[in-house]
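The chain contents come next:
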Protein chains: 2
Amino acid sequence: MKFSKRLKSMQASPIRKLAPFAAQAKADGVKVYHLNIGQPDIKTPECFFNAVKNFNEPVLEYAGSQGIPELIEALQKYYETYDMHFSKDDFIVTNGGSEGLLFTFMAMCDPGDNILIPEPFYTNYNGFGQSINMEVKPITTKAENGFHLPPKEEIVAQIDDKTKAILVSNPGNPTGCVYTKEEVYMLAEIVKEHDLWLVADEVYREFIYEGLQYTSFGNVKEIEDRCVIIDSVSKRYSACGARIGSIACKNAELMGEIMKLCQGRLCIATLEQLGAAALFNETPASYLKAVNEEYCKRRDTLYNELMKVDGVICEKPMGAFYIVAKLPVDNAEDFVKWMLQEFRMDGATVMATPAEGFYATPGLGRDEIRLAYILKEEDLKVAGKLLAEGLKAYKTAMANA
Amino acid sequence: MKFSKRLKSMQASPIRKLAPFAAQAKADGVKVYHLNIGQPDIKTPECFFNAVKNFNEPVLEYAGSQGIPELIEALQKYYETYDMHFSKDDFIVTNGGSEGLLFTFMAMCDPGDNILIPEPFYTNYNGFGQSINMEVKPITTKAENGFHLPPKEEIVAQIDDKTKAILVSNPGNPTGCVYTKEEVYMLAEIVKEHDLWLVADEVYREFIYEGLQYTSFGNVKEIEDRCVIIDSVSKRYSACGARIGSIACKNAELMGEIMKLCQGRLCIATLEQLGAAALFNETPASYLKAVNEEYCKRRDTLYNELMKVDGVICEKPMGAFYIVAKLPVDNAEDFVKWMLQEFRMDGATVMATPAEGFYATPGLGRDEIRLAYILKEEDLKVAGKLLAEGLKAYKTAMANA
């Protein structure tokens, strides 16, 4: 039996590959603070569970392939609050944002085609690409300027005749970068001039701090026929286990192509769709406001701890709940392993994600880590201190090695 | 913006494309009996909903990518009852059987590779294939002998150096054919001799009638390292809207490749997995027995009505809940449309699915339809009569045209 090259060449998840070292530390009785994963500890709104529990049909039937009408209507209303005006036909409910991305790529790219993505990027973008023989061409961004976009000419230089789209995550995972209005319009101009699609992964739309102005790609009238918005309830409502995402796009032909795939996979889980509709319709605005304030405090706590260490480079991120920091180490993966294997303070250590796996350009990000500030503030304070102390101890250990 | 050829060349679902004609008939006040879809009317066991309602965590977190331990243990026990002995690592929970098939194909085939499938087959097999640039090579089977397999040499003749697997649906959708032990072992021999994978879609395993002996591909020791079993709770427990399927396979390397994709899509909905675990653990054996008996009666009812019409050719199917019948018409799609647009008896008509879309060989199946016997017996009796009378009236109408 043979295995496909498309999967053989795919790397295992860089977020998960150091998990065995964390498991060993725990087996040894060490408390591990996880800053490596994006699973929030925030409560899921009660209305989700209530909607699920109120389901009272005798048969759990297939839903329609597009999604249930209640959820599509809820999505439509939600986007109205961001001044994005979609009709019901402009939506497809997907199995998390992940399926939305995969199906969108399938509709745009044949094998050998490519899309541009600013790096560092969410590693699974690359995984989805490899699984369908699509290539990712990186637009390199840097810690030094908070991972904002390079000048237009640098981006345009990456476009070739196989380029079909530009994909951005805004606010960014893993960078936490929120693009300025100028950056958003620059990308809009590029996709218009080069006849490309713009795919915007905006699942962290509510996670923007200090009242910073946010421009969604869905607000740019000039590209409304070529813009695809990917969304998800996972982070917004702390409902990662619901697997409810969506595609919003005004290009009927593209939605028709994607619907062929949706009909093939039949439908999305009915109960979870009912729960998601309730999340949009019933969650009080105070919930999102409180969550936003909580994350903003957490960001400050972690960022302040990081800034206490000489040689750490990162701008304060304005969105999402991640920080990518450049560390004064040669190899961040070695450092993360060392923290799990060697470093203990009051019987505890901390786990980060080496950032190299978030880059497509070989060698980049080797001295960087991604941190998710998803712990309660008191825990985060401890985790931040552990990291700061760990970095100092690692420096000493390396100097003495 | 450009669209991919892989999706542009994909046909819309043949099961859904005549839906507008049915909608028009209903708008005209006509009662339409649907024999065209595979949505059972059987009640979902209460234990599914109870398990979902008993979920009591404050945060709906990501599950592990493999699936929740409760469900994996339940699957393991379930297969034991069929004398299939898997370890826990041999399972992956998927988003319906659909995702299981897609990921399996991705792990086996690069663009241009092919798999063999007996035709007529479940149309989405072809859709999944096209979406990842994999080709389907048909092994033609015929209504005249109940869609059983052709001789070994005819199958082997279809294998070329790009062939990676044989996929079978057993019991078959849309044919209802249950392969004999000899057929199962013949396919096992072929995949061993030609170093291919065997992918067995066995979601209708419980739908076998008159106590017919059933051999699962999972029972064939000789191919246990190359056999992949695709399964689903959708039909077994009338839980189509749960979207819970699974892959069972003893080849650790293949499972490792598929797990890369699973990590990319993160996980399957937690609540639905809890419900599915309860289905396996708590549904009384009497439920499946009663469902089996109910479908067997329905099959007889529909089959007997079909046999009253001169020129209809089909063997009595022994499994699943479909019949593919060859009709005395030139074009079954025209007939199905005519039934929806012209034929009324006591204000009612019936909808079937033209079977041509279930074939990969051009021209085959043009005079065939697929019928799903998923209605209550009294409704099915009426639907069967409508179909029989419709066929007679169509013959007269065509003769006079």
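Residues numbered from 1 in each chain as written. Chains lettered and ligands numbered in written order. Predicted model: local features only at pLDDT ≥ 70, side-chain atom pairs only at ≥ 80, totals over all residues. Heavy atoms only, no water.

Right, let's talk about the overall build of chain A for a bit. Check the secondary structure of chain A and you find 13 helices and twelve strands. Relative to its length of 401 residues, chain A is compact, with a C-alpha radius of gyration of 21 Å against a globular reference of 21 Å. Along the three orthogonal principal directions, the C-alpha set of chain A runs to about 65 × 55 × 50 Å. Here chain A holds 401 residues, and 63% of them are scored as buried. Across chain A, every contact between residues at least 6 apart in sequence was considered, and the portion connecting residues at least 24 apart equals 76%. Approximately 14,600 Å² of chain A is accessible, and the part contributed by carbon and sulfur atoms is 50%. The averaged location of the 56 negative side-chain charges in chain A is 4 Å from the averaged location of its 44 positive side-chain charges. (Helix = DSSP H or I, 4+ residues; strand = E, 2+ residues; numbered from the N terminus. Rg over C-alpha atoms; globule rule 2.2 N^0.38 Å. Buried < 20%, exposed > 50% of the residue type's maximum accessible area, 1.4 Å probe, protein only. Contact = heavy atoms within 4.5 Å. Areas by Shrake-Rupley, 256 points an atom, 1.4 Å probe, with all protein chains shown as cover. Lys, Arg positive; Asp, Glu negative; His and termini not counted. Charge placed at Lys NZ, Arg CZ, Asp CG, Glu CD.)

Quick look at the pairing of strand E4 (residues 135-140) of chain A now. Residue and element names in this part refer to chain A. Sheet topology note: the strand E3 (residues 114-119)/E4 ladder contains six bridges and is parallel. Residue Ile 115 lies in a different strand from E4, and its bridge partner there is Val 136. Crossover handedness for the path E3 to helix H6 (residues 124-131) to E4: right-handed. (Pairing = 2+ DSSP bridges. Right-handed = clockwise from strand over helix to strand, strands pointing away.)

This paragraph deals with the environment of Pro58(A). Within the secondary structure layout, Pro58(A) lies in the loop between helix H3 (46-53) and helix H4 (69-80). Aside from chain neighbours lying at most four places away, what touches Pro58(A) is Lys43(B), Thr44(B) and Phe49(B).

Residue and element names in this part refer to chain A. On domain assignment, one finds that chain A holds domain 1 (5-43 + 286-400) and domain 2 (46-282). Measuring from the centre of the C-alpha atoms in domain 1 to the corresponding centre in domain 2 gives 26 Å. Roughly 3,200 Å² of surface becomes buried between domain 1 and domain 2 when both sides are summed, with 60% attributable to carbon and sulfur atoms. On the domain 1 side of the interface with domain 2, the three residues burying the most area are Arg 6, Met 318 and Phe 358, jointly 20% of the side's total. Taken together, the connections running from domain 1 to domain 2 amount to one salt bridge. A salt bridge links Glu 210 to Arg 299, with the shortest nitrogen-to-oxygen separation between them at 2.5 Å. Linking domain 1 with domain 2 are 18 residue pairs in polar contact (both at pLDDT 80 or more). Contributing elements (two or more residues each) for the side of domain 1 that touches domain 2: helix H1 (5-8), helix H11 (285-307), strand E9 (322-326) and strand E12 (368-372). (Domains from an automatic or database assignment. Buried area = accessible area lost by both parts, 1.4 Å probe. Salt bridge = Lys/Arg side-chain N within 4 Å of Asp/Glu carboxyl O. Polar contact = N/O pair within 3.5 Å; in protein donor to acceptor, adjacent residues only side chain to side chain.)

Taking relative accessible area as the criterion, Pro58(B) reaches 42% and is therefore assigned partly exposed. Along the primary structure Pro58(B) and Phe207(B) are separated by 149 residues, whereas in three dimensions their C-alpha atoms are 39 Å apart.

Residue and element names in this part refer to chain B. Scanning all chains against the criterion turns up 60 salt bridges over all chains. With a shortest N-O distance of 3.4 Å, Glu 224 and Lys 221 are connected by a salt bridge. Taking relative accessible area as the criterion, Glu 224 reaches 32% and is therefore assigned partly exposed. What makes Lys 221 exposed here is its relative accessible area of 59%.

Turning to the sheet that holds E9(A), a few remarks are in order. Residue and element names in this part refer to chain A. Ordered in space as E9-E12-E11, the three strands form an open sheet in which the pairing is antiparallel. Where the open sheet ends on each side, the last strands, each with one partner, are E9 and strand E11 (353-354). Across two bridges, E11 lies against E12 in antiparallel orientation. From the neighbouring strand, Pro 354 faces E12, where its bridge partner is Ile 369. The sheet contacts of H11 involve E9 and E12, and relative to E9 the element is tilted by about 5°. (Axes fitted to C-alpha atoms, helices over the stretch in contact; angles between N-to-C directions.)

Attention now goes to the relation of the copies chain A and chain B. Mapping chain A onto chain B calls for a rotation angle of 180° and an axial translation of 0.0 Å; the resulting RMSD is 0.0 Å. What we have between these two chains is a two-fold relation. (Least-squares fit on C-alpha atoms with pLDDT ≥ 70 in both.)

So, about the interface of chain A and chain B. Of the residues lining the interface, 75 residues belong to chain A; the matching set on chain B comes to 75 residues. In this structure, the connection of chain A to chain B is made through six salt bridges. Note that Glu253(B) is salt-bridged to Lys8(A), the shortest N-O span being 2.7 Å. Connecting chain A to chain B are 45 residue pairs in polar contact (both at pLDDT 80 or more). By residue number, the principal contributor to the side of chain A that touches chain B is helix H9 (residues 252-264) of chain A, which donates seven residues. Residues that form the side of chain A that touches chain B fall into these classes: 34 nonpolar, 18 polar and 23 charged. (Nonpolar A, V, L, I, M, F, W, Y, C, P; charged D, E, K, R; others polar.)

So, about the sheet that holds strand E4 (residues 135-140) of chain B. For sheets, the rule is that strands pair by backbone hydrogen bonds, running either parallel or antiparallel. Residues and elements named next belong to chain B. The seven strands lie next to each other as E2-E8-E7-E6-E5-E3-E4, forming an open sheet whose pairing is mixed. The open sheet has two edge strands, strand E2 (91-95) and E4, and neither has a second partner. Pairwise comparison of adjacent strand axes, ignoring direction, gives a mean angle of 25° for this sheet. Across five bridges, strand E5 (residues 163-169) lies against strand E6 (residues 197-201) in parallel orientation.

All names here are of chain B. Along the chain, the position of Gly 347 falls in the loop between helix H12 (332-341) and strand E10 (348-351). Counting along the chain gives 181 residues from Gly 347 to Ile 166, while the straight-line C-alpha distance between them is 46 Å. Dropping the residues within four chain positions of it, Gly 347 is found in contact with Gly 29, Val 30 and Lys 31.

Attention shifts here to the packing of helix H4 (residues 69-80) of chain B against helix H10 (residues 270-282) of chain B. A packed helix pair is summarised by two numbers, namely the angle formed by the two axes and the spacing between the axes. All names here are of chain B. The geometry of H4 relative to H10 is characterised by a closest axis approach of 8 Å and an angle of 25° between their N-to-C directions. Overall, the two elements H4 and H10 adopt an arrangement that is roughly parallel. Note on packing geometry: the crossing formed by H4 with H10 is left-handed. Taking contact as the criterion, the partners of Glu 70, Leu 71, Ala 74, Leu 75 and Tyr 78 in H4 are, on H10, Gln 273, Leu 274, Ala 276, Ala 277, Phe 280 and Asn 281. For the contact of H4 with H10, a count of residues per class yields eight nonpolar, two polar and one charged. (Parallel < 35°, antiparallel > 145°, perpendicular 65-115°, else oblique. Left-handed = near helix turned anticlockwise from the far one by under 90°.)

Once that is clear, we can look at the pairing of E10(B). Residue and element names in this part refer to chain B. Here E10 shows a buried face lined by Ala 348 and Val 350 and a second buried face lined by Thr 349 and Met 351. As defined by bridge partners, strand E1 (residues 31-34) adjoins E10 across four bridges and the pair is classed as parallel. Each residue of the ladder has a partner; that of Lys 31, found in E10, is Ala 348.

Attention now moves to helix H8 (residues 181-193) of chain B. Because each turn of an α-helix spans 3.6 residues, side chains separated by three or four positions end up pointing in the same direction. All names here are of chain B. With 13 residues, H8 should reach 18 Å at 1.5 Å per residue; the first-to-last C-alpha distance of 18 Å fits that figure. Those residues of H8 not exposed but buried are Glu 183, Val 184, Met 186, Leu 187, Ala 188, Ile 190 and Val 191. For H8, the elements touching its buried residues are helix H7 (152-156), E5 and E6. Among the residues trailing H8, Asp 195 stands out with phi positive, at a value near 55°. (Expected span 1.5 Å × (residues − 1).)

Within this structure, the stated rule accounts for 46 aromatic pairs over all chains. Both rings, one in Phe207(B) and one in Phe321(B), keep their centres 5.6 Å apart while their planes meet at 85°; by these two values the pair is edge-to-face. On the criterion of sequence distance, the pair formed by Phe207(B) in the loop between E6 and strand E7 (227-232) and Phe321(B) in the loop between helix H11 (285-307) and strand E9 (322-326) is long-range, its members being 114 residues apart. As far as the burial class goes, Phe207(B) and Phe321(B) line up, both buried. The structure contains a cluster of three or more aromatic residues connected by ring pairs, namely Tyr78(A), Tyr79(A), Tyr82(A), Phe86(A), Phe91(A), Tyr237(A) and Phe280(A). Over the aromatic face of Tyr82(B) sits the side chain of Arg205(B), whose NZ or CZ is 5.5 Å from the ring centroid. Positioned above the aromatic ring of Tyr295(B), the side-chain terminus of Arg298(B) is 5.2 Å from the ring centre. (Phe/Tyr/Trp six-rings, centres within 6.5 Å; stacked < 30°, edge-to-face > 60°. Lys NZ or Arg CZ within 6 Å of the ring centre and 35° of its normal.)

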